[in-house]
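# Fold and contact review
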Amino acid sequence: MPALSITRWLAALLVPAASFAQDSPGNQAANIVTGSCSALGTTAAFALKDVTPNDPRVGGSFSGQKTAIGVLTSETDVRVSLSTLVGSPHAIVIGDLANPVACGDIGGFTRGIVNNDEIEIGIAEIGDSGHFGVARLEGDGRNETEIDLYIAAPLR
């Protein structure tokens, strides 16, 4: 029996950890800045909750195919109307503002749902970061907007 334990120990040293399971992508900062993705502001107009690999209240571990793409998510209520965000240039930036990994200009077709307006925007990869996704912005008709982020990110 001790020989089996030594064999497993040696295998653990020789086989890369990625062959056992995938690590989730790391958390990334998320902010709304004034300007556009082609001319990003350097200061956050509105800080959003970081995009994270899973809800820490639920926990989670990797399941399924090792080729799967991870998804980072966040939900933030921001004290600004949706009409303000689409009324002048704003962008959602994923990652450190000095070195972002993805960005999406806020704009597109809005649709009214009862008293709320809603818009979805694409978040494009910057460089070869592998981070891209979708943001859903829903205004409450007053002075608050819910922003849901879904960012695909490479597993590490």
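Attention in this report is confined to the structure presented alongside it. Throughout, residues of each chain are indexed from 1 in the direction in which the sequence is written. Per-residue local features of the predicted model are confined to residues with pLDDT of at least 70, and side-chain atom pairs are confined, for both listing and counting, to 80 or more; whole-chain, interface and lining totals are unaffected and use all residues. Side-chain numbers here rest on the full set of heavy atoms in the structure, without hydrogens or water.

### Side note on the overall build of the protein chain
Each helix is a run of DSSP H or I of at least 4 residues and each strand a run of E of at least 2, with the numbering of both proceeding from the N terminus. Counting its secondary structure elements, the protein chain contains two helices and nine strands. Going residue by residue from the N terminus, the α and β elements of the protein chain occur as α-β-β-β-α-β-β-β-β-β-β. Note on contacts: a residue pair is in contact if any heavy atoms of the two residues lie within 4.5 Å. Long-range pairs, those at least 24 residues apart, make up 56% of the contacts in the protein chain between residues at least 6 apart in sequence. Of the roughly 9300 Å² of accessible surface on the protein chain, a fraction of 56% belongs to carbon and sulfur atoms. Note that accessible areas follow from Shrake-Rupley with a 1.4 Å probe, and for residues the cover is restricted to the protein chains shown.

### What about the pairing of strand β5 (residues 99-105)?
Exposure classes here rest on a 1.4 Å probe applied to the protein chains alone. A residue is buried below 20% of its type maximum, exposed above 50%, and partly exposed in between. Counting buried positions along β5 gives five out of seven residues, so the element sits mostly inside the fold. Across six bridges, strand β4 (residues 90-96) lies against β5 in antiparallel orientation. What sits directly across from Val93, in β5, is Cys103. A pair of strands is labelled paired if DSSP reports no fewer than 2 bridges between them.

### Remarks on the state of the cysteines
Sulfur atoms of two cysteines make up a disulfide when they are within 2.5 Å. All chains considered together, the criterion is met by one disulfide. Cys37 shares a disulfide with Cys103; S-S distance 2.1 Å. Between Cys37 and Cys103 the disulfide shows an S-S torsion of about -90 degrees. By sign, it is left-handed. Of this pair, Cys37 sits in the loop between β1 (28-36) and β2 (39-51) while Cys103 is found in strand β5, placing the two residues 66 residues apart along the sequence.

### Side note on a nonpolar patch on the surface
Patches here: salt-bridge-free residues with over 30% relative accessible area, like charges joined within 9 Å, nonpolar side chains (Val, Leu, Ile, Met, Phe, Trp, Tyr) joined within 5 Å. By definition here, a salt bridge exists when the distance from a side-chain nitrogen of Lys or Arg to a carboxyl oxygen of Asp or Glu is within 4 Å. Judged by side-chain polarity, Val71, Val134 and Tyr150 come together as a nonpolar surface patch covering roughly 250 Å² of accessible area. Looking at the element boundaries, Val71 is found in strand β3 (residues 70-78). Accessibility expressed as a relative area gives 42% for Val71, which makes it partly exposed.

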